[in-house]
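Commentary on secondary and tertiary structure
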Amino acid sequence: MAVSRNGFSEQGLRRLREVLARYVDSGKIPGVVALVSRGGQTHVETLGTMRHDGGAPMRRDTIFRMASTSKPVTIAAAMVLLDECRLRLDDVVGPWLPELDDRQVLKRIDAELDDTVPARRPITVRDILTCTFGLGMDMTALGTPILNAVFERGLTPNLPTEVPEQDEWMRRLGELPLMHQPGEQWQYQIGSDLVGVLVSRVSGQTFEEFLRERIFEPLGMKDTGFHVPADQIDRLPTLYAPDPATGEFLAWDEPEGGRWSKPPAFQGGGGGLVSTADDYHAYFQMLLNGGVHNGRRILSRPAVELMTTNRLTPEQNAARTALARNAVHISFGQGQQGGWGLGMAVRTYRGDYAPIGQFGWDGGSGTSAYADPVNQLTGILLCQLGYTVPNPAHLMNDFWTTVYQAIED
């Protein structure tokens with residue numbers, strides 16, 4: 001069997017293209033860009049088109065809405081501040097986020113908003129970076145007063161109420177009680193957005209300015225940001241949220257005049273980035289290299305290790321574990337890695353082809369980015385299809401299965 005220099009077999013890479021082509025040729029996925037790298041060699045596949053009904057072909061430099069795959073990248077800004085001792089993990093956040101002082105906590109998750117007890121302790125930087133500060137997206141609590149209030153206030157993206165600029169966002173957040181005591185339970189999304197506000201207030205810069213200066217420019221991530229400039233908008237495909245019942249391709253966001261065609265009021269670390277396969281490859285390769293890119297240190301090795309190893313106790317992680325294993329009919333099998341570091345999932349058990357220690361995350365717009373220290377492997381998969389149907393999750397699963405089959409040493 002022929003083996004390429006980067007430890008992937010030629011047969012395995014052919015199979016990878018065949019698997020991707022199966023989705024595109026069947027019409028389930030309009031287009032896809034996939035990148036895998038190992039041993040200093042990079043392999044890229046581009047298939048399909050920018051629209052489901054044709055149009056320009058997908059290219060290596062196509063810009064995608066990264067959705068929740070933003071989380072593993074935006075957390076790096078906080079790590080820079082930790083490296084520089086401008087933040088400490090167990091600092092109380094009140095000096096920068098006074099809106100979170102003197103918290104009240106719901107007596108139970110479905111309680112009315114005034115049925116509370118005082119928080120047992122203040123919220124810390126560690127609570128925010130681990131998404132355990134007490135408030136977040138809980139898909140098992142839809143319809144409760146607290147989640148209704150989160151949606152009504154525009155505290156999460158892409159819902160009917162527009163997300164406001166960060167000071168107003170913080171004011172609205174500060175009106176709500178916590179769902180859980182600080183440090184008690186991992187919860188999704190809001191903590192990742194809160195990281196951006198914390199970084200902005202500590203640094204005195206906008207979140208994007210800080211990311212650009214300290215992460216994006218040193219890594220050469222020239223196409224990564226919170227919107228796509230007008231002169232590059234032709235590189236952004238239409239984003240679809242297919243009808244779950246019929247599979248009909250419904251345009252959720254168009255490039256021209258869409259959500260990412262102008263700078264947002266709120267620079268959301270939880271899901272606001274646009275980027276390319278090569279930009280994300282540079283970032284994840286830097287993490288694999290222990291924080292170094294082309295001889296330049298971006299993050300300290302201990303910072304990278306803190307991000308990419310599990311930070312949660314079994315008690316903190318219990319709700320996430322239950323959701324991942326008991327709601328696979330909703331998640332389509334995603335989220336079963338076991339652990340969570342800072343800004344990303346970390347595999348703590350061998351539940352599929354990927355080994356313990358693999359880290360990264362997926363996005364609801366059809367994006368997936370992981371690195372694997374065991375095999376010194378990075379993989380980026382980008383398409384433009386939302387999770388209203390299982391197709392993007394199935395594509396991700398088959399991509400990773402095929403990537404691991406292609407390894408030959």
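Residues numbered from 1 in each chain as written. Predicted model: local features only at pLDDT ≥ 70, side-chain atom pairs only at ≥ 80, totals over all residues. Heavy atoms only, no water.

With that out of the way, let us pick up the sheet that holds strand β3 (residues 54-57). Spatially, the eight strands line up as an open sheet ordered β3-β2-β1-β16-β15-β14-β13-β12, and their pairing is antiparallel. Every other strand in the sheet has two partners, leaving β3 and β12 (338-340) as the edge strands with one partner each. Between one strand axis and the next, the sheet turns by 20° as a mean value, whatever way the strands run. Across six bridges, strand β15 (residues 367-372) lies against strand β16 (residues 377-383) in antiparallel orientation. Note that in β16 the partner of A369 across the bridge is I380. With respect to the sheet, helix α8 (residues 277-288) is in contact with β1 (31-38), β2 (41-51), β14 (359-363), β15 and β16, its orientation differing from that of β16 by roughly 155°. (Pairing = 2+ DSSP bridges. Helix = DSSP H or I, 4+ residues; strand = E, 2+ residues; numbered from the N terminus. Axes fitted to C-alpha atoms, helices over the stretch in contact; angles between N-to-C directions. Contact = heavy atoms within 4.5 Å.)

Okay, the environment of E315 next. Within the secondary structure layout, E315 lies in helix α10 (residues 314-326). Along the sequence, E315 and M139 sit 176 residues apart, while their C-alpha atoms lie 18 Å from each other.

Turning next to the pattern of salt bridges. Side-chain pairing between opposite charges can occur once the charged atoms of the two side chains come close. Applying the stated criterion across every chain, the model contains 27 salt bridges. One network of salt bridges, in which partners are shared, links R153, E168, R171, R172 and E175. (Salt bridge = Lys/Arg side-chain N within 4 Å of Asp/Glu carboxyl O.)

Among the nonpolar cores identified, the biggest contains 79 residues, and W169, Y283, L287 and L299 are the most heavily contacted of them. Considering each element in turn, this core owes the most residues, nine residues, to helix α2 (residues 71-83). The contacts of Y283, once residues within four sequence positions are left out, are P72, V73, I75, A76, I215, L219, M221 and M307. L13, V19, A354 and L395 belong to the second largest nonpolar core, which has 37 residues in total. (Core = buried A, V, L, I, M, F, W, Y, C linked by side-chain atoms within 4.5 Å. Buried < 20%, exposed > 50% of the residue type's maximum accessible area, 1.4 Å probe, protein only.)

Interaxial distance between α2 and helix α6 (residues 190-203) falls to 10 Å at its minimum, and their mutual angle equals 35°. Crossing handedness for the pair α2 and α6: left-handed. Note on element contacts: α6 touches α2 through S192, V195, V199 and V202, opposite K71, I75, A77, A78 and L81. Along the lines of polarity and charge, the residues of the contact of α2 with α6 split into seven nonpolar, one polar and one charged. (Left-handed = near helix turned anticlockwise from the far one by under 90°. Nonpolar A, V, L, I, M, F, W, Y, C, P; charged D, E, K, R; others polar.)

Summarising burial for β14: five of the five residues are buried, a large majority. Residues F359, W361 and G363 point to one face of β14 and G360 and D362 to the other, with burial holding for every one of them. Here two bridges tie strand β13 (residues 345-347) to β14, and the two strands are oriented antiparallel to one another. Pairing of V346 across the sheet is with F359, part of β14. Bridging between β14 and β15 involves five bridges; their strand directions are antiparallel. Looking at β15, one finds that G360 is bridged to Y370.

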